[in-house]
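What follows is each chain in one-letter form.
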Amino acid sequence: MRITKINSFFKKAGQIQLKYKWLILAAILIYTLVSIAGLPKLKMSGNEEDWFEDWEQVKIDTDRFKEVFGSDDYILVMVEADDVFDPFVLEAIQRLGTRLEEGVPYSDEATSIITAEIPVGDEDTIEIKSPFEDGIPDNTEELDSIKKFILSRESLVNNIVSDDAKETYIILSLENYPGGVSFATEGIARYAQKIILEEEKKSQGRYSLKPAGMSYSEMEENDICAKEYFIRVLSGFIVMLLCLIIFVRSLRGVIVPLIATVSGIGSVLGLSAHLHFEADSNMITLPILLGMALSVGYSVHYVNSFRMHFRRCGDRKESVIKAVEETGWPILFTVITTIASLISFLFAGIGPIRWVGGTSASIVFSVYLYVIVLIPILMSFGKDKAVIENAADGNTKKGATKADCIFAAFGEKVINKRIVVSILSLLVILAMIPGILRITVNMDYTEMMGKKVPYVARLLDMLDGKLGSLYSYDVMIQTDDPDYFKTAENMSKLEVMENKLGSLSLTKISGDKARVKSACPMMKEINRMFNGDQQEYYVLPEDDAVIAQNLIFYCDSFEDWFETESDNFGITHLHVDLSGYDANLIVDDINRSKEYAAELFPDAKISIVGEVVEYAEMNHKLVSAELKSFSMSFIIIAILLILAFASIKTGLIGMIPNLAPVIVVGGYMGYRGFSLDMLTMTIMPMILGIAVDDTIHLINHIKYHLEITGSYKDAVIASFREIGKTMGMTTFILCAMFFMYMFSPLNCLYRIGLLAIIGLTVALVADYTLTPVLIVLTKPFGKEKNK
């Protein structure tokens with residue numbers, strides 16, 4: 001396939017554009033206005049359900065858990081003080097608990113050391129005692145007695161209050177609410193936040209309040225992410241504007257790409273709203289920033305080509321047609337390969353990643369259409385000017401600047417040192433392979449967000465305490481016998497299960513106690529109550545009748561553990577708090593939990609529910625998604641290169657330099673200990689799709705000039721003179737826009753920015769060195785015509 005023939009097609013297209021420019025402008029104006037009219041209707045969500053293809057089973061288990069045990073969401077406030085039994089602190093706990101119950105929608109009840117109900121008994125009486133039922137005593141001795149009593153209860157110590165009395169919890173349980181977590185962030189958590197902040201102002205430095213909870217943390221994440229995403233997009237737009245001013249240095253050359261960028265991105269998002277597609281709030285900056293960067297890159301190629309031809313001939317319309325003729329095919333092909341790379345995300349099997357791929361591909365195509373239509377037409381308006389010729393190194397090159405000649409000289413040096421370039425490239429790639437093997441997959445929420453985010457730092461501080469736990473899961477055991485756990489044998493098995501879960505590697509240990517909760521501790525408390533409150537009776541009863549009696553008569557004490565309203569004691573759960581999150585360890589813990597439960601309760605249905613289970617599933621999916629998307633991206637781009645250049649040899653040669661940035665990024669991730677997560681997994685396929693752009697431009701120009709000159713070396717030098725500077729400019733623009741991510745306190749955004757810059761820089765270096773060397777060494781377009 002001869003490049004000169006392809007260019008003649010784009011020459012005709014440029015002529016048609018200028019002939020019907022007013023009709024084309026009118027059509028694109030109408031389309032733009034109709035599309036962007038949908039922007040006000042654009043809805044965004046970050047619903048965790050979108051991450052799971054098998055969400056139906058997850059949802060069935062979760063809904064069943066909520067049906068029996070109530071909402072799995074709650075507002076939790078850790079109170080820290082020198083002594084949480086200080087009257088001042090106790091009054092604050094009481095006041096905050098009451099305000100949360102009264103002021104937070106869908107609140108159920110607030111549990112704390114103030115409201116704790118404890119079974120106690122002696123030889124004559126038994127009762128469920130609330131130590132602060134008569135209020136907070138002023139008498140020191142009485143208060144010390146209450147403190148000692150509470151700290152003597154195993155079911156409370158290091159569960160609701162630490163054994164050193166420096167930490168305690170206020171837990172606001174919530175009723176089931178509509179709309180999922182996305183509703184709760186504003187409809188529930190926002191009310192709790194206002195109350196907690198107001199109460200903290202009254203602390204006088206004597207206590208601190210550290211809130212948490214699924215919807216509460218989600219609310220804080222939304223707040224910081226919305227702010228950060230706005231800042232990154234705004235700063236990216238400013239960088240784009242500055243780059244246009246610096247590199248183009250003309251009012252029209254700045255305004256037209258800006259119009260194309262804003263219209264291209266706005267029209268896609270507007271059409272999405274018209275079609276009732278929801279945008280993903282967690283991922284939306286990627287397609288927007290990518291669209292801005294590529295739009296400017298395409299614009300710079302057109303504008304630089306136009307300016308070079310305008311310097312040569314001085315005729316504005318002829319220069320526009322020449323620019324379309326010369327850059328039309330390589331830019332179109334780069335658009336196709338970039339879209340192909342992004343479409344590979346559709347094979348990832350993860351909803352938000354699919355959305356990123358589809359939306360990014362649409363935005364790339366949209367900004368391309370605006371650039372290819374608007375820039376040639378609008379650059380054609382204006383006066384012609386006198387021809388300027390530049391000379392360098394004794395050779396007259398029409399339209400070439402000093403920078404162009406410097407790049408031509410650099411290209412010549414690369415060809416002369418081709419053996420050295422080949423060896424160095426191979427050594428760098430080999431050095432990165434061990435790093436790739438070190439890459440781990442970890443959906444650790446705190447690692448993704450980073451300690452620079454205030455609320456994450458607070459959560460990590462809580463995690464370091466005796467009570468704090470950021471991650472947890474529940475093991476739900478369902479049987480068909482409503483009296484299943486009314487027997488001593490099965491309650492004993494439940495206790496064995498509790499101990500086994502406590503021995504798992506990630507189960508949090510507070511003091512010497514594993515943070516696993518079940519119905520067993522309350523059964524032991526009641527048994528002790530019936531036996532004079534003697535410590536040796538803090539054990540499970542051995543009599544089936546006693547077990548059944550306790551469950552029936554004190555069912556209110558067991559409502560968190562059984563379906564007490566319908567007297568169904570055939571379903572229960574165990575709650576496990578975790579000390580942290582490790583992708584591999586949590587998967588192992590969950591699998592062992594299932595095995596333990598299956599061994600002890602072979603006839604029961606076992607379900608593991610909780611966010612941590614979803615994260616564990618995500619780790620597996622990220623690995624397969626990364627492999628699928630990258631493999632599809634690589635295969636599609638390789639096929640496109642082979643078809644475009646009508647040569648398997650040329651297509652594969654074109655892929656070699658583009659593997660270099662992927663290998664270097666992977667190696668860097670491994671050596672730095674960067675985990676693969678939901679955002680960093682998009683880097684490698686995206687870099688591959690973007691990096692191939694410059695390769696296509698360079699190979700296309702080399703082939704074109706080879707057809708004219710017959711010499712590979714001359715073709716490389718001419719290509720570097722014409723597009724070497726533009727390649728550097730477009731890469732600089734891309735890196736500058738991703739550089740804005742590196743100012744974010746969010747780890748995930750910082751890493752995307754850093755990895756993208758590394759990948760794009762390596763891609764440019766590979767195209768400046770490895771690509772021309774491989775072409776000269778392998779001569780994929782046939783023998784030279786002259787030597």
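Residues numbered from 1 in each chain as written. Predicted model: local features only at pLDDT ≥ 70, side-chain atom pairs only at ≥ 80, totals over all residues. Heavy atoms only, no water.

Q: Provide a residue-level description of helix 24 (residues 747–778), including the pertinent values.
A: Compared with an ideal rise of 1.5 Å per residue, which puts 32 residues at 46 Å, helix 24 spans 43 Å between its outermost C-alpha atoms and is within 8% of the ideal. The sharpest bend along helix 24 measures roughly 40 degrees and falls at aspartate 767. Of all 32 residues making up helix 24, 25 are buried, and the element is well covered by its neighbours. (Helix = DSSP H or I, 4+ residues; strand = E, 2+ residues; numbered from the N terminus. Expected span 1.5 Å × (residues − 1). Bend = angle between axes of the 7 residues up to and from the residue. Buried < 20%, exposed > 50% of the residue type's maximum accessible area, 1.4 Å probe, protein only.)

Q: So what's going on with the packing of aromatic side chains? Residues and values would help.
A: One pass over the structure, following the stated rule, counts 24 aromatic pairs. Residues phenylalanine 306 and phenylalanine 310 carry aromatic rings whose centres are separated by 5.3 Å and whose planes lie at 20 degrees to one another, so their mutual orientation is stacked. Placement of the pair is phenylalanine 306 and phenylalanine 310 together in helix 9 (residues 285–313), with a separation of four residues, close to one helical turn. Relative accessible area serves as the criterion here: at 5%, phenylalanine 306 is assigned to the buried category. Seen from their ring centres, phenylalanine 485 and phenylalanine 562 are 6.0 Å apart, and the 50 degrees between their planes marks the pair as tilted. With phenylalanine 485 in the loop between strand 11 (472–478) and helix 16 (488–502) and phenylalanine 562 in the loop between helix 18 (544–553) and strand 15 (571–577), this residue pair connects regions lying 77 residues apart in the sequence. (Phe/Tyr/Trp six-rings, centres within 6.5 Å; stacked < 30°, edge-to-face > 60°.)

Q: Let's hear about the pairing of strand 2 (residues 74–80): which residues, and what values?
A: Side chains on a regular strand alternate between the two faces of the sheet. The element strand 2 is largely enclosed, with a buried count of six among its seven residues. Alignment of strand 2 against strand 6 (residues 167–174), held across seven bridges, turns out to be antiparallel. In the sheet register, leucine 76 faces strand 6, and the bridge partner there is isoleucine 171. Across five bridges, the pairing between strand 2 and strand 7 (residues 208–212) is antiparallel. Looking at strand 7, one finds that glutamate 80 is bridged to serine 208. (Pairing = 2+ DSSP bridges.)

Q: Go over the sheet that holds strand 11, please, and point to the residues and values.
A: The sheet built from four strands is open, its strands ordered 14-15-11-16 with antiparallel pairing. Of all strands in the sheet, those bounded by a partner on one side alone are strand 14 (516–517) and strand 16 (605–609). Looking at chain direction, strand 11 and strand 16 are connected through five bridges and run antiparallel. The residue of strand 16 that forms the bridge with glutamine 478 is lysine 605. Along the sheet face, helix 16 touches strand 11, strand 14 and strand 15 and points at about 20 degrees away from the line of strand 15. (Contact = heavy atoms within 4.5 Å. Axes fitted to C-alpha atoms, helices over the stretch in contact; angles between N-to-C directions.)

Q: Tell me about the sheet that holds strand 6, and please be specific about residues and values.
A: An order of 3-6-2-7 is seen for the four strands of this open sheet, with the pairing classed as antiparallel. The sheet is open, and its two borders are formed by strand 3 (107–111) and strand 7, each paired with just one other strand. Pairs of neighbouring strands in the sheet enclose a mean axial angle of 20 degrees, with direction left out of account. Two strands pair when backbone bridges link them, and strand 3 and strand 6 are joined in this way by three bridges, in the antiparallel orientation. Across the sheet, threonine 111 pairs through a bridge with isoleucine 171, a residue of strand 6. Those strands touched by helix 4 (residues 87–103) are strand 2, strand 3, strand 6 and strand 7, and its axis lies near 10 degrees from that of strand 6. Helix-sheet contacts for helix 15 (residues 454–464) involve strand 2, strand 6 and strand 7, and the interaxial angle to strand 7 is about 105 degrees.

Q: Hey, could you go over the packing of helix 13 (residues 418–436) against helix 21 (residues 648–672) for me, with residue numbers and the actual values?
A: Where helix 13 contacts helix 21, the axes come no closer than 7 Å and their chain directions differ by 45 degrees. Classified by the interaxial angle, the pair formed by helix 13 and helix 21 is oblique. In the crossing of helix 13 with helix 21, the sense of the turn from one axis to the other is left-handed. Judged by residue contacts, Val428, Ile429, Ala431, Met432, Pro434, Gly435 and Ile436 of helix 13 engage Ala660, Ile663, Val664, Gly666, Gly667, Tyr668, Gly670 and Tyr671 from helix 21. Taken together, the residues that form the contact of helix 13 with helix 21 break down as eleven nonpolar, four polar and no charged. (Parallel < 35°, antiparallel > 145°, perpendicular 65-115°, else oblique. Left-handed = near helix turned anticlockwise from the far one by under 90°. Nonpolar A, V, L, I, M, F, W, Y, C, P; charged D, E, K, R; others polar.)

Q: Got a sec to walk through the packing of helix 7 (residues 214–248) against helix 8 (residues 251–274)? Specific residues and values, please.
A: Interaxial distance between helix 7 and helix 8 falls to 9 Å at its minimum, and their mutual angle equals 150 degrees. Seen along the crossing, helix 7 lies across helix 8 with a hand that is right-handed. Residues Phe237, Met240, Leu241, Leu244, Ile245 and Val248 of helix 7 form the contact with helix 8, whose own contacting residues are Gly253, Val254, Pro257, Leu258, Thr261 and Val262. Taken together, the residues of the contact of helix 7 with helix 8 break down into ten nonpolar, two polar and no charged.

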